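The lines below spell out each chain.
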Amino acid sequence: MLYHLSRSLLFLLKAEKAHQLTFKCLKIALSFPFVKPVLKYCNTVKSGKLKRSVCGINFPNPVGLAAGFDKNARLIDEWEVFGFGFIEIGTVTPRPQPGNPKPRLFRLLEDKAIINRMGFNNDGADVIAQRLAQRKSKIIVGGNIGKNKDTPNEHAVTDYLICFNKLYDVVDYFVVNVSSPNTPGLRELQEAESLKTILSALKHKSREKNQMKPIFLKISPDLTQSQLDQIIGIVEQTNTDGIIATNTTISRTGLKSSARLTSQVGGLSGKPLKAQSTAVLAYLAKQRTKKFALIASGGIHDPIDAVEKINSGADLLQLFTGFIYEGPGLVKQINWQLCR
């Protein structure tokens, strides 16, 4: 009830302004003594049934916060109080960049969806690595990495390696983002040769470290089956640890919101993405010949959505738009349902 009242007030503001205000309020509220432990106690579901061991990492529960929500790791010590089993920061690029011109974030209230064309706005790998190095919580953190907008695709592997090296000591796993629709030409890196080059280079670099860390590939929901088959082959060939299915979509099928909103350029997330992302997830689970891990992201707005993703092959789940529309209580609701 309290969250839905707060949401109604926040939704009176422009989406990006509301997001920034929420971060500031959370930072202030959670700085008071006893607030964190009380919230953590209220939101955490403790059960052995929720524990997951994925790619050598022991997750206390399978519900995570997707990349893009806390791009710059500003609330790295705060997310744990909402009951998340892990969080993902980024997308991080080697150099800071402002992203695309505003406005670039739009709510589609009738569809419980969001369109964004943020464009990898972030503080850069050095600053974000410093923040992560200072964190006090023990929550599992994934580092979602990408290339700078002005880096040509033929040099993209260098950007991914820079981010990989700078974040290696401060994250638990990595995600290679080649699927955002908001950086010109980025999705072309999902093509066979480019993708193989990037994943092979990162796996090789990981083997040089004292402790190898899992590498996931985040893919688009707009790929054809032949493209998915190709990606499965590359993931298995390069021994990439898993796939996140999926990023946002450029499809606008079946939306109810006004044309003023649905015609906005960018990636669509939220309820309308659920069927499309779940179909990709199920296809990957069925067609893989090696047991690589699968993380489901896209359209999870209630516990039934979460169970559907698990039944379709997901090892772990990630929330984004559902967390905005349904509130922090969604994490606990999903974990209770999974316990049952």
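Structure report, in brief. (Residues numbered from 1 in each chain as written. Predicted model: local features only at pLDDT ≥ 70, side-chain atom pairs only at ≥ 80, totals over all residues. Heavy atoms only, no water.)

1. Some thoughts on the side chain of asparagine 116
Item 1. Residue position: asparagine 116 is located in strand S6 (residues 113-116).
Item 2. On the basis of relative accessible area, asparagine 116 is assigned to the buried category, the value being 17%.
Item 3. Beyond its immediate sequence surroundings of up to four residues, asparagine 116 is in contact with Arg104, Leu105, Asn182, Thr248, Gly266 and Gly267. (Helix = DSSP H or I, 4+ residues; strand = E, 2+ residues; numbered from the N terminus. Buried < 20%, exposed > 50% of the residue type's maximum accessible area, 1.4 Å probe, protein only. Contact = heavy atoms within 4.5 Å.)

2. Details of the environment of glutamine 20
Item 1. In this structure, glutamine 20 sits in helix H2 (residues 15-29).
Item 2. Residue glutamine 20 is classed as partly exposed on the basis of its relative accessible area, which comes to 35%.
Item 3. Residues glutamine 20 and alanine 306, spaced 286 residues apart in sequence, show a C-alpha to C-alpha distance of 27 Å.

3. Here's the deal with a positive patch on the surface
Item 1. A contiguous patch of positive charge, built from Lys14, Lys17, Lys24 and Lys102, is present on the exposed surface.
Item 2. Inspection of the secondary structure assignment puts lysine 24 in helix H2. (Patch = residues over 30% accessible without salt bridge, like charges linked within 9 Å, V, L, I, M, F, W, Y side chains within 5 Å. Areas by Shrake-Rupley, 256 points an atom, 1.4 Å probe, with all protein chains shown as cover. Salt bridge = Lys/Arg side-chain N within 4 Å of Asp/Glu carboxyl O. Lys, Arg positive; Asp, Glu negative; His and termini not counted. Charge placed at Lys NZ, Arg CZ, Asp CG, Glu CD.)

4. Section: a nonpolar patch on the surface
Item 1. Where nonpolar side chains cluster on the molecular surface, the patch consists of Leu5, Leu9 and Leu12 and spans about 350 Å² of accessible area.
Item 2. Take leucine 9: it is sitting in helix H1 (residues 2-10).
Item 3. By relative accessible area, leucine 9 is classed as exposed at 54%.

5. Re H2
Item 1. Compared with an ideal rise of 1.5 Å per residue, which puts 15 residues at 21 Å, H2 spans 21 Å between its outermost C-alpha atoms and is within 8% of the ideal.
Item 2. Along H2, the residues that are buried comprise Ala15, Glu16, Ala18, Phe23 and Leu26. Taken end-on, H2 shows its buried residues confined to a sector of 160°, consistent with a single buried face. The exposed set on the far side of H2, more than 90 degrees from its buried face, consists of Lys17, Lys24 and Ile28. (Expected span 1.5 Å × (residues − 1). Arc of directions from axis to C-beta.)

6. Considerations on the nonpolar core
Item 1. Counting residues in each nonpolar core, the largest one holds 78 residues, and the members touching the most others are Trp79, Phe84, Leu132, Tyr160 and Leu167.
Item 2. With 6 residues, the top contributor of residues to this core is helix H5 (residues 156-167).
Item 3. Contacts of tyrosine 160, omitting those with residues within four sequence positions, involve Ile145, Gly146, Lys147, Val176, Asn177, Val178, Leu186, Leu189, Ile198 and Leu202.
Item 4. Judged by nonpolar contacts, the second largest core, of 12 residues, contains Phe86, Ile140, Phe216 and Ile244. (Core = buried A, V, L, I, M, F, W, Y, C linked by side-chain atoms within 4.5 Å.)

7. Quick notes on the pattern of salt bridges
Item 1. Here the structure, examined in full by the defined rule, presents 16 salt bridges.
Item 2. Residue aspartate 222 is joined to arginine 187 by a salt bridge in which the shortest nitrogen-to-oxygen separation is 2.9 Å. You can see aspartate 222 sitting in the loop between strand S9 (215-219) and helix H7 (225-238) and its partner arginine 187 sitting in the loop between strand S8 (173-177) and helix H6 (192-207), a full 35 residues away along the chain.
Item 3. Judged by its relative accessible area of 18%, arginine 187 falls in the buried class.
Item 4. Glutamate 308 is paired through a salt bridge with lysine 274; the nearest N and O atoms lie 3.2 Å apart.

8. Quick look at the packing of aromatic side chains
Describing an aromatic ring pair means giving the distance of the ring centres and the angle of the ring planes.
Item 1. For the structure shown, the criterion picks out 16 aromatic pairs.
Item 2. Each ring, one from phenylalanine 69 and one from phenylalanine 323, has its centre 5.5 Å from the other, and the planes form 70°; the classification is edge-to-face. Remark: phenylalanine 323 occurs in helix H11 (residues 321-326) and phenylalanine 69 occurs in the loop between strand S3 (63-65) and strand S4 (86-92); sequence separation between them is 254 residues. For the pair phenylalanine 69 and phenylalanine 323, a shared accessibility class is recorded, and that class is buried.
Item 3. Their ring planes at 40° and their centres at 4.3 Å tell us that phenylalanine 164 and phenylalanine 174 sit as a pair that is tilted. (Phe/Tyr/Trp six-rings, centres within 6.5 Å; stacked < 30°, edge-to-face > 60°.)

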